[in-house]
2 protein chains.
Amino acid sequence: MQQPITIVILGAGNIATHLLEAFAKTSLVEVLQVYNHHQDKLESFNLPTTTSLHELVTADVYLLAVKDDAVATLSSKLPTNVLVVHTSGSKAMTELKNVGRKGVFYPLQSFTKGISVNFKEIPICLEAEIKEDYNTLQIVAEAISDHVRPINSQQREVLHLSAVFVNNFSNYLYTVAEDLCKLNKVSFDVLHPLIIETARKATVNSPRNNQTGPAVRKDSMTLQKHIGQLENSSYKHIYQSLTKAIQDYHLDNL
Amino acid sequence: MQQPITIVILGAGNIATHLLEAFAKTSLVEVLQVYNHHQDKLESFNLPTTTSLHELVTADVYLLAVKDDAVATLSSKLPTNVLVVHTSGSKAMTELKNVGRKGVFYPLQSFTKGISVNFKEIPICLEAEIKEDYNTLQIVAEAISDHVRPINSQQREVLHLSAVFVNNFSNYLYTVAEDLCKLNKVSFDVLHPLIIETARKATVNSPRNNQTGPAVRKDSMTLQKHIGQLENSSYKHIYQSLTKAIQDYHLDNL
């Protein structure tokens with residue numbers, strides 16, 4: 001039987017917790033230790049932990065699951081001649097400052113504390129300087145996900161930026177809708193099926209071909225009516241900006 | 001056994017087609033006839049059709065599945081003393097100009113030609129002037145959907161406006177992401193799980209509690225980087241507007 005690939009996880013936040021949960025289900029990967037600067041966050045982990053970088057054990061992969069800003073500093077303090085990878089969408093591989101091999105292990109999902117995820121469905125974007133390290137990361141990633149891809153730093157930046165549009169910005173639009181419903185005593189639940197179906201359609205058809213509504217139809221009567229309905233100036237501004245953007249896009253791309 | 005409720009459908013577009021498909025599966029509703037101004041659109045229907053309003057047969061419900069702008073004119077030409085309902089999200093019940101009973105039968109979903117939908121999951125918003133007519137519409141709606149609700153004209157206006165945010169505007173954000181991926185030779189598929197999960201989460205938790213990302217974190221380094229990455233001025237403007245809106249919202253609602 002193949003020896004498991006051994007990992008030390010550095011960080012104890014959302015990504016670390018979700019990865020630990022996923023690695024616990026596979027015999028191909030063994031997490032040896034979790035490091036965190038503060039002890040309190042380590043209390044809940046059911047495996048060896050440390051708050052001292054001097055106590056790190058030897059492992060095949062040192063996986064940084066820390067805030068973007070901590071990647072450079074923390075990696076610079078790690079042992080030399082080991083494989084260090086970060087999990088950040090927005091940082092290039094070269095932001096790792098360890099003396100030795102580098103890579104990236106980026107699970108493209110928005111993790112929420114307390115909501116468990118099906119890792120099998122989560123794309124994991126991999127990058128490494130040398131083929132041997134890529135192969136190691138591939139074994140680790142494929143042990144938990146069915147969607148593993150080589151993605152270089154530049155492509156990952158684009159994905160991270162795109163994720164802001166489809167996740168952060170879409171979620172804000174849902175927030176606006178929920179707020180409008182609440183103000184008018186309509187249950188936001190009524191919109192749930194539309195939210196789900198809109199997302200599903202974007203994964204079946206190209207979203208540019210799914211565009212409907214008063215903006216793309218140039219239905220100026222409905223547009224005026226909607227703008228009149230919006231009392232919140234911020235919502236009004238967003239409505240007008242997105243309407244104009246939709247019209248410009250579909251004019252340019254006829 | 002209960003007599004089916006009989007319907008004449010006026011219109012032959014997307015909504016008419018999808019409703020016909022749904023009604024075909026229930027014995028509680030019988031569509032007697034489809035009317036359309038033009039003959040060509042009627043060719044594909046497998047039941048009696050007419051292009052003349054003088055040939056309309058007697059039915060319990062005359063259901064208008066036409067463009068918003070046609071509701072007033074077409075309803076004004078219908079027989080007196082019958083129940084006429086429209087299927088529009090944005091038109092008040094009083095926009096019906098028939099002499100007689102009025103109601104609304106609004107399925108809250110975005111219908112795409114050729115993509116069949118599971119009507120059981122689609123909320124149907126009902127309104128009627130009198131209780132007896134509401135009961136009739138309720139039997140019809142519950143025969144095809146598990147989510148039937150009384151929604152008055154003012155609430156329906158709010159839902160229609162909210163639907164623009166969660167459907168039209170979200171879809172545009174998906175379009176931007178697809179475009180950014182295409183320009184940088186990354187497969188848009190990588191973002192599919194994030195799109196689906198973001199939508200799903202909004203139906204489980206209040207979306208305001210799901211907000212993540214550089215805007216709400218006030219991570220100005222990432223925000224600056226993203227804005228620099230966006231070459232398209234329209235995308236840049238949307239990024240800045242939505243970032244500001246998210247920050248204003250979460251400042252006001254702390």
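Just so you know, these numbers come straight off a predicted model, no measurement behind them. (Residues numbered from 1 in each chain as written. Chains lettered and ligands numbered in written order. Predicted model: local features only at pLDDT ≥ 70, side-chain atom pairs only at ≥ 80, totals over all residues. Heavy atoms only, no water.)

## Thoughts on the overall build of chain A
So the rule is basically this: Secondary structure follows DSSP: runs of H or I at least 4 residues long count as helices, runs of E at least 2 residues long count as strands, and numbering of each begins at the N terminus. Burial classification: accessible surface area is computed with a 1.4 Å probe over protein chains only, and a residue below 20% of its type maximum counts as buried, one above 50% as exposed, and the rest as partly exposed. Any two residues having at least one pair of non-hydrogen atoms within 4.5 Å are treated as being in contact.
Helix and strand counts for chain A come out as nine helices and eight strands. Counting only residues that meet the buried cut, chain A has 56% of its 254 residues in that class. Taking the contacts inside chain A whose residues are at least 6 apart along the sequence as the reference set, 51% of them involve residues at least 24 apart.

## What to know about helix H3 (residues 131-142) of chain B
Structurally, the α-helix is built with 3.6 residues per turn, so residues lying three or four positions apart point the same way. All names here are of chain B. Selection rule: An expected span of 1.5 Å times one less than the residue number is assigned to each helix. For this quantity, the arc is that covered by the directions from the helix axis to the C-beta atoms.
An ideal rise of 1.5 Å per residue puts 16 Å on 12 residues; H3 measures up with 16 Å between its terminal C-alpha atoms. Asp133, Tyr134, Leu137, Val140 and Ala141 are the residues of H3 that are buried. One side of H3 holds all its buried residues, which, seen down the axis, span an arc of 120°. Exposed side of H3, more than 90 degrees from the buried face: Lys131 and Glu132 are the residues found there.

## Thoughts on the relation of the copies chain B and chain A
Just so we agree on the cut-off: The copies are overlaid by a least-squares fit using only the C-alpha atoms of residues whose pLDDT is at least 70 in both copies.
Relative to chain A, chain B is turned by 180° and slid 0.0 Å along the rotation axis, the superposed coordinates differing by an RMSD of 0.0 Å. Both chain copies can therefore be described as sitting about a two-fold axis. Using C-alpha coordinates, one finds that chain B approaches the rotation axis most closely at B:Ser170, a distance of 2.7 Å. A share of 100% of the interface residues of chain B reappears at the interface of chain A, consistent with the copies meeting face to face through the same patch.

## With respect to the pattern of salt bridges
Worth spelling out the cut-off: When a carboxyl oxygen of Asp or Glu lies within 4 Å of a side-chain nitrogen of Lys or Arg, that pair is called a salt bridge.
In total, this model carries 14 salt bridges over all chains according to the counting rule given. With its nearest N and O atoms 2.9 Å apart, the salt bridge here joins A:Asp133 to A:Arg101. Taken together, the residues A:Asp133 in helix H3 (residues 131-142) and A:Arg101 in strand E6 (residues 101-107) connect sequence positions 32 residues apart. Here A:Asp133 falls in the buried class, since its relative accessible area comes to 2%. With a relative accessible area of 33%, A:Arg101 lands in the partly exposed category. With its nearest N and O atoms 2.8 Å apart, the salt bridge here joins B:Glu127 to B:Arg156. Residue B:Glu127 is found in strand E7 (residues 123-128), and its partner B:Arg156 is found in helix H4 (residues 153-183); the two are separated by 29 residues along the sequence. B:Arg156 matches B:Glu127 in its accessibility class, with the two residues each being buried.

## Observations regarding the side chain of A:Thr136
Residue and element names in this part refer to chain A. Among the structural elements, Thr136 can be located in helix H3. Look at Thr136 and you get buried, because its relative accessible area is 18%. Residues within four places of Thr136 in sequence aside, it is in contact with Ile5 and Val61.

## Description of the confidence of the model for chain A
The condition that has to hold: Confidence scores here are pLDDT values: one per residue, from the predictor, ranging 0 to 100.
Confidence along chain A averages 95 in pLDDT terms, with 99% of residues attaining 70 or more. As scored by the predictor, the complex reaches a pTM of 0.91 and an ipTM of 0.92.

## Topic: the pairing of strand E8 (residues 147-150) of chain A
Residues and elements named next belong to chain A. What counts is decided by this rule: Any two strands with at least two DSSP-identified bridges between them are counted as paired. Think of it like this: strands point away, you trace from the first strand over the helix to the second, and a clockwise trace means the crossover is right-handed.
Strand direction decides the pairing type here: strand E7 (residues 123-128) and E8, joined by four bridges, are parallel. Looking at the pairing, Ile124 lines up with Val148 of E8. Between E7 and its parallel partner E8, the chain crosses via H3, and the hand of that crossover is right-handed.

## As for the packing of aromatic side chains
For clarity, the cut-off: Each Phe, Tyr or Trp ring (for Trp, its six-membered ring) is paired with any other whose centre lies within 6.5 Å, and the angle between the two planes then decides the class: stacked below 30 degrees, edge-to-face above 60, tilted in between.
Summed over the entire model, instances satisfying the criterion amount to 10 aromatic pairs over all chains. Relative to A:Phe119, the ring of A:Phe111 has its centre 5.8 Å away and its plane inclined at 25°; by these criteria the two rings are stacked. Exposure class is identical for A:Phe111 and A:Phe119. Each is buried. When the centroid spacing of 6.3 Å and the interplanar angle of 75° are considered together, the rings of A:Tyr172 and B:Tyr249 count as edge-to-face. Of this pair, A:Tyr172 sits in helix H4 (residues 153-183) while B:Tyr249 sits in helix H9 (residues 233-252), placing the two residues on different chains. When its relative accessible area of 0% is taken as the criterion, A:Tyr172 is described as buried. Residue classification places B:Tyr249 among the buried residues on the basis of a relative accessible area of 8%.

## With respect to the sheet that holds strand E2 (residues 29-35) of chain A
The strand order across the open sheet built from eight strands is E3-E2-E1-E4-E5-E6-E7-E8 (chain A), with neighbouring strands paired in mixed fashion. Of all the strands in the sheet, just strand E3 (49-50) and E8 of chain A have a single pairing partner and so form its edges.

## Observations regarding the sheet that holds strand E8 (residues 147-150) of chain B
All names here are of chain B. Pairing within the open sheet is mixed, and its eight strands lie in the order E3-E2-E1-E4-E5-E6-E7-E8. The open sheet terminates on both sides in strands that have one partner only, identified here as strand E3 (49-50) and E8. Pairing between strand E6 (residues 101-107) and E7: five bridges, direction antiparallel. Note that in E7 the partner of Tyr106 across the bridge is Cys125.

## A word on the packing of H4(A) against helix H5 (residues 192-202) of chain B
Under the convention used in this document: The convention used is that axes are lines fitted to C-alpha atoms, helices contributing only their stretch in contact, and that angles between N-to-C directions extend from 0 to 180 degrees. Orientation categories follow fixed angle ranges, with anything under 35 degrees roughly parallel, anything over 145 roughly antiparallel, 65 to 115 roughly perpendicular, and all other angles oblique. It is the rotation of the near helix from the far one that decides the hand of a crossing: anticlockwise by less than a right angle makes it left-handed, clockwise makes it right-handed. The nonpolar class holds Ala, Val, Leu, Ile, Met, Phe, Trp, Tyr, Cys and Pro. Asp, Glu, Lys and Arg form the charged class, and all remaining residues, Gly among them, are polar.
Two elements in contact, H4(A) and H5(B), have axes separated by 9 Å at closest approach and are oriented at 20°. In this view, H4(A) runs roughly parallel relative to H5(B), as classed from their interaxial angle. Between H4(A) and H5(B) lies a crossing of right-handed hand. Here A:Ala163, A:Val166, A:Asn167, A:Asn171 and A:Tyr174 of H4(A) come into contact with H5(B), specifically with B:Leu194, B:Ile195, B:Thr198, B:Ala199 and B:Ala202. Class assignment for the residues of the contact of H4(A) with H5(B) results in seven nonpolar, three polar and no charged.

## Some remarks on unusual backbone geometry
Although it is not a glycine, A:Asn81 adopts a positive phi angle of roughly 60°. On the accessibility criterion, A:Asn81 (60% relative accessible area) is exposed.

## Focus: the interface of chain B and chain A
It is common to report an interface's size as the accessible area lost on association of the parts. We count it as follows: The term buried area denotes the loss of accessible surface (1.4 Å probe radius) that occurs when two parts are joined, taken as the sum for both partners.
Taken together, the contact pairs 87 residues of chain B with 87 residues of chain A. For the pairing of chain B and chain A, the buried interface totals around 8400 Å² over both sides, and the portion due to carbon and sulfur atoms is 66%. Inspection of the chain B/chain A interface yields two salt bridges. The closest approach of N and O atoms between A:Lys225 and B:Glu157, which form a salt bridge, is 3.3 Å. Mapped by element, the contributors of at least two residues to the side of chain B that touches chain A are E7, H4, H5, helix H6 (207-210), helix H8 (220-229) and H9 of chain B. For the side of chain B that touches chain A, the element with the most residues is H4(B), which contributes 27 residues. For the side of chain B that touches chain A, the per-class residue count stands at 42 nonpolar, 31 polar and 14 charged.

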